[in-house]
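# Structural overview for review
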Amino acid sequence: VMQNFYKRFNKKAYEIILSNPADAAKVAVDRLEEGATPQVVFFDITGTVNDLDIIKLLSVMDYLFVPITTETGEMASSISFANNVKNKMMATRVTNVKEMHLVWNKINSREKSRLCEIIDGYIEKMGLDSLDTVLVKSNKFEKDGRETGNVGLFRSTMLPPDKRLLKGSNLEELVAEIRSIIKV
């Protein structure tokens, strides 16, 4: 499937590099110096400011998108992380982060719920904000090729989601909103 996709569109797969937080920025710079020319470099990290290596990595990022859910523990953790980054790093200018946004994830409808709106009002008072687009709660995000059968892939790090499965996910809208923020 993957080989046919890349042949058909004459595209190369994007590179996924496994690294620890201490080496991640250097690994990315090394790849750029070797001639890699990506438009965007993504770092998928844990949300903690209790790790010096994570702090160093955060200091070189340009944009930060922090997932948040309506589950109480996860919500508190996301808000705490974002607040710490804002007040301990962005406010003191020990990071390159230009913008940081919370991303509502696992929401029961395509629109922000009343709870999301209440939390948005709370985080706004803290100087934080969330994106307009929400990712809906869906078992699509849990499925890989074995589970979807002939319907197609939704969750893959190497292939785009099957168009038939994108409907209602808000994934395309999220990508468009993020692209407009980071200007690519």
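The rules behind each value
- Residues numbered from 1 in each chain as written.
- Predicted model: local features only at pLDDT ≥ 70, side-chain atom pairs only at ≥ 80, totals over all residues.
- Heavy atoms only, no water.
- Helix = DSSP H or I, 4+ residues; strand = E, 2+ residues; numbered from the N terminus.
- Buried < 20%, exposed > 50% of the residue type's maximum accessible area, 1.4 Å probe, protein only.
- Contact = heavy atoms within 4.5 Å.
- Areas by Shrake-Rupley, 256 points an atom, 1.4 Å probe, with all protein chains shown as cover.
- Salt bridge = Lys/Arg side-chain N within 4 Å of Asp/Glu carboxyl O.
- Expected span 1.5 Å × (residues − 1).
- Arc of directions from axis to C-beta.
- Polar contact = N/O pair within 3.5 Å; in protein donor to acceptor, adjacent residues only side chain to side chain.
- pLDDT = per-residue confidence, 0-100.
- Core = buried A, V, L, I, M, F, W, Y, C linked by side-chain atoms within 4.5 Å.

## So, the overall build of the protein chain
Regarding its fold elements, the protein chain presents eight helices and two strands. Within the protein chain, buried positions represent 30% of all 184 residues. Considering only contacts in the protein chain between residues 6 or more positions apart, those separated by 24 or more positions represent 62%. Just so you have it, the protein chain exposes about 12200 Å², and 53% of that area is on carbon and sulfur atoms.

## A word on the pattern of salt bridges
Scanning the model with the defined rule gives four salt bridges in all. Of the charged contacts, one joins Lys26 and Asp30 as a salt bridge, the two residues approaching to 2.9 Å between their closest N and O atoms. A residue pair is termed a helical-turn pair when its members lie 3 or 4 positions apart in one helix, as Lys26 and Asp30 do in helix H2 (residues 21–33) at four residues. Taking the shortest distance from any N to any O, the salt bridge between Glu117 and Arg114 comes out at 3.8 Å. Here Glu117 and its partner Arg114 are both found in helix H5 (residues 114–125), three residues apart, which amounts to about one turn of the helix.

## As for H5
For H5, built from 12 residues, the straight-helix expectation of 16 Å at 1.5 Å per residue is met to within 8% by its first-to-last C-alpha distance of 17 Å. Turning to H5, its buried residues number three or more, namely Cys116, Ile119, Asp120 and Ile123. Along the axis of H5, the buried residues cluster in a sector spanning 110°; they form a single face. Along H5, the residues that are exposed and aim more than 90 degrees away from the buried face are Arg114 and Lys125. On its buried side, H5 packs onto strand S1 (63–68), helix H4 (72–90) and strand S2 (99–104).

## Considerations on H4
Look at H4: 25 Å from first C-alpha to last across 19 residues, which is about the 27 Å you get at 1.5 Å a residue. Buried within H4 are the following residues: Met75, Ser78, Ile79, Phe81, Ala82, Asn84, Val85 and Met89. Packing partners of the buried residues in H4 comprise helix H3 (52–59), S1, S2 and H5. Backbone nitrogen of Gly73 and a side-chain oxygen of the N-cap are separated by 3.1 Å at the start of H4; the cap is Glu71.

## Some points on the confidence of the model for the protein chain
Per-residue confidence for the protein chain gives a mean pLDDT of 86, with 84% of residues at or over 70. At the low end of the mean pLDDT range in the protein chain sits helix H6 (residues 145–148), at 52; at the high end sits S2, at 97.

## A few points about the nonpolar core
By size, the foremost hydrophobic cluster in this structure holds 25 residues, and its most contacted members are Leu58, Leu64 and Met100. Those elements that provide at least two residues to this core are H3, S1, H4, S2 and H5. Ranked by residues supplied to this core, first place goes to H4 with six residues. Discounting chain neighbours no more than four positions away, the residues touching Leu58 are Ile45, Val49, Leu64, Phe81, Val85, Met89, Thr95 and Val97. Leu131, Ile178, Ile181 and Ile182 belong to the second largest nonpolar core, which has seven residues in total.

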